[in-house]
Amino acid sequence: MSKQRVPLVTHIFTADPSAHVFNDKLYIYPSHDLAHDGEDNDNGDEYQMEDYHILSMDNLDAECVDNGEALNMRDVPWVSNQMWAPDAAYKDGKYYLYFPARDKDGIFRLGVAVSDSPVGPFQPEPNYIEGSFSIDPAVLVDDDGKAYCYNGGLWGGQLEKWQTFSYIENPEEIPADAPALGPVFAQLTEDMKGFATKPQFIQILDENGEPIKAGDEERRYFEGPWVHKFNGKYYLSYSTGTTHYIVYAEGDKPEGPFTYKGRILEPVIGWTTHHSIVEYHGKWYLFYHDCELSGGINHRRTVKYLELQIDEDGTIHTVDPYK
Ligand code: FUB
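Residues numbered from 1 in each chain as written. Predicted model: local features only at pLDDT ≥ 70, side-chain atom pairs only at ≥ 80, totals over all residues. Heavy atoms only, no water.

A count of helical and extended segments in the protein chain gives 0 helices and 21 strands. In terms of overall dimensions, the protein chain is globule-like: its C-alpha atoms have a radius of gyration of 18 Å, near the 20 Å expected for 323 residues. Considered along the principal axes of its C-alpha atoms, the protein chain spans approximately 50 × 45 × 45 Å. In the protein chain, buried positions account for 57% of the 323 residues. At a minimum sequence separation of 6, the contacts of the protein chain that also span at least 24 residues come to 53%. Element-wise, carbon and sulfur atoms account for 45% of the exposed surface of the protein chain, whose accessible area totals about 13300 Å². For the protein chain, the separation between the mean place of its 26 positive charges and that of its 54 negative charges on side chains is 2 Å. (Helix = DSSP H or I, 4+ residues; strand = E, 2+ residues; numbered from the N terminus. Rg over C-alpha atoms; globule rule 2.2 N^0.38 Å. Buried < 20%, exposed > 50% of the residue type's maximum accessible area, 1.4 Å probe, protein only. Contact = heavy atoms within 4.5 Å. Areas by Shrake-Rupley, 256 points an atom, 1.4 Å probe, with all protein chains shown as cover. Lys, Arg positive; Asp, Glu negative; His and termini not counted. Charge placed at Lys NZ, Arg CZ, Asp CG, Glu CD.)

The biggest cluster of nonpolar side chains holds 25 residues, and the ones touching the most others in it are Tyr 150, Leu 159, Ile 202, Ile 204, Leu 236 and Tyr 238. Of all the secondary-structure elements, those providing two or more residues to this core are β11 (147–151), β12 (184–187), β16 (233–239), β17 (246–251) and β18 (258–265). Ranked by residue count, the leading element in this core is β16, at 3 residues. Core analysis: the second largest hydrophobic core is formed by 20 residues, Phe 22, Tyr 27, Tyr 29 and Val 76 among them. (Core = buried A, V, L, I, M, F, W, Y, C linked by side-chain atoms within 4.5 Å.)

What follows covers the sheet that holds strand β20 (residues 283–290). Either a parallel or an antiparallel arrangement is found when strands of a sheet pair, and the pairing is made through backbone hydrogen bonds. Taken together, 3 strands build an open sheet; the order of strands is β19-β20-β21 and the sheet is antiparallel. Here the strands that pair on one side only, and so sit at the sheet edges, are β19 (275–280) and β21 (302–308). Pairwise comparison of adjacent strand axes, ignoring direction, gives a mean angle of 25 degrees for this sheet. As defined by bridge partners, β20 adjoins β21 across 7 bridges and the pair is classed as antiparallel. The partner of Tyr 285 across the bridge, within β21, is Glu 307. (Pairing = 2+ DSSP bridges. Axes fitted to C-alpha atoms, helices over the stretch in contact; angles between N-to-C directions.)

With that settled, consider the layout of surface pockets. Each pocket or cavity is described by its volume, and for the largest pocket that value is around 570 Å³. Lining the largest pocket are 23 residues, with His 20, Leu 140, Val 141, Val 227 and Val 278 sitting closest to its centre. When contributions to the lining of the largest pocket are tallied by element, the ones reaching two or more residues are β1 (13–22), β6 (87–91), β10 (138–141), β15 (223–230) and β19. (1 Å grid on protein atoms, 1.4 Å probe; cavity = no way out; pocket = protein on both sides within 12 Å on 5 of 7 lines; lining within 4 Å. Points joined across faces, edges and corners; volume = space filled by probe spheres on them.)

On to the site of the ligand. Around the ligand, a shell composed of Asp 16, Met 49, Trp 84, Ala 85, Ile 135, Asp 136, Glu 223, Thr 272, His 274, His 289 and Arg 301 is seen. Contact distances for the ligand include 2.5 Å between an oxygen atom and a side-chain N or O atom of Asp 16. One nitrogen or oxygen atom from the side chain of Arg 301 is found 2.7 Å from an oxygen atom belonging to the ligand. For the ligand, whose free accessible area comes to 270 Å², the fraction covered by protein is 99%. By residue class, the composition of the shell around the ligand is 4 nonpolar, 3 polar and 4 charged. (Near = heavy atom within 4 Å. Polar contact = N/O pair within 3.5 Å; in protein donor to acceptor, adjacent residues only side chain to side chain. Nonpolar A, V, L, I, M, F, W, Y, C, P; charged D, E, K, R; others polar.)

Further remarks concern the packing of aromatic side chains. To describe a pair of aromatic rings, you give the distance between the ring centres and the angle between the ring planes. Under the counting rule described, the total for this entry stands at 25 aromatic pairs. Taken together, a centroid distance of 4.8 Å and an interplanar angle of 50 degrees make the contact between Tyr 90 and Tyr 95 tilted. For Tyr 90, a relative accessible area of 38% translates into the label partly exposed. Taking 5.4 Å as the distance between ring centres and 55 degrees as the angle between the ring planes, the aromatic pair formed by Tyr 221 and Tyr 238 counts as tilted. With Tyr 221 in the loop between β14 (204–205) and β15 and Tyr 238 in strand β16, this residue pair connects regions lying 17 residues apart in the sequence. Judged on exposure class, the residue Tyr 221 and its partner Tyr 238 are both buried. Within the aromatic cluster, the residues linked to one another by ring pairs are Phe 22, Tyr 27, Tyr 29, Tyr 90 and Tyr 95. A cation sits over an aromatic face here: Lys 198 above Phe 165, 4.8 Å from the ring centre. Here the basic side chain of Arg 219 rests over the ring of Tyr 260, its NZ or CZ set 5.4 Å away from the ring centre. (Phe/Tyr/Trp six-rings, centres within 6.5 Å; stacked < 30°, edge-to-face > 60°. Lys NZ or Arg CZ within 6 Å of the ring centre and 35° of its normal.)

Right, dumping it as structure tokens:
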């Protein structure tokens, strides 16, 4: 029976799935949603996650296995709370888990932890990645072995506070007709544990080559970047946040610029939408989450997947998650 569009696991709540194929198996690196008594707010205070559980599937028909706790915030010296959406990468025999969390000053940073196994346990580096800020790391290891980190999120993800690359506690709102912010791009060092280049903002352009504007909420970047390669081109996909779409843009280089192409996923049940795109046995899959199982509780999400249709020219067909 197809497991498409149904929760991959139901014994814990999982979100923000970053899917990868390692050794011909599928590994999913999700956030682990926990109960929260407070109100939902624009700061994301309801997302109080403390650890990561890696999911795996021998193939798409196999059971999805929870491999247990792979990293807990109590073991990461620089973290105070909120371990949000992670990603993972493999290089030279080691697996790297990248994760955002608040440091002891309440500022979101990116951390890295290392393991010999794709499911951990992961050994965290003692400090966050120097020069990192904001949330939602996604790492692409390119065909030439160079690795790139994409990241950033508005509102609770604090990206507006870093618009000058220095921390501003109370930044001015970005005018609707000004270029939108982010995402952030940096090349990783050879050892995968630091930034080799200064973080820079990626440009996302419209069909006329003009930057997408901050007020263009159906197309502007909000959070949750992902980059996949298809026929030699780079495809940056992301959440539009307030309008709840997953959209994508196409580029010739890993650092962009990227030109907006269209919508991948219509809104899911729940406020957030967050995805990854992976090729497995010659087909393309979208991993995503929604709040159907919890009846719409925003911080109680479950990870699902569905097959994507991608044309030869890279065009991705829009999917309605419930049709
Ligand atoms: O899971 C916490 C946050 O919600 C993630 O970092 C965002 O992408 C959104 O899904």
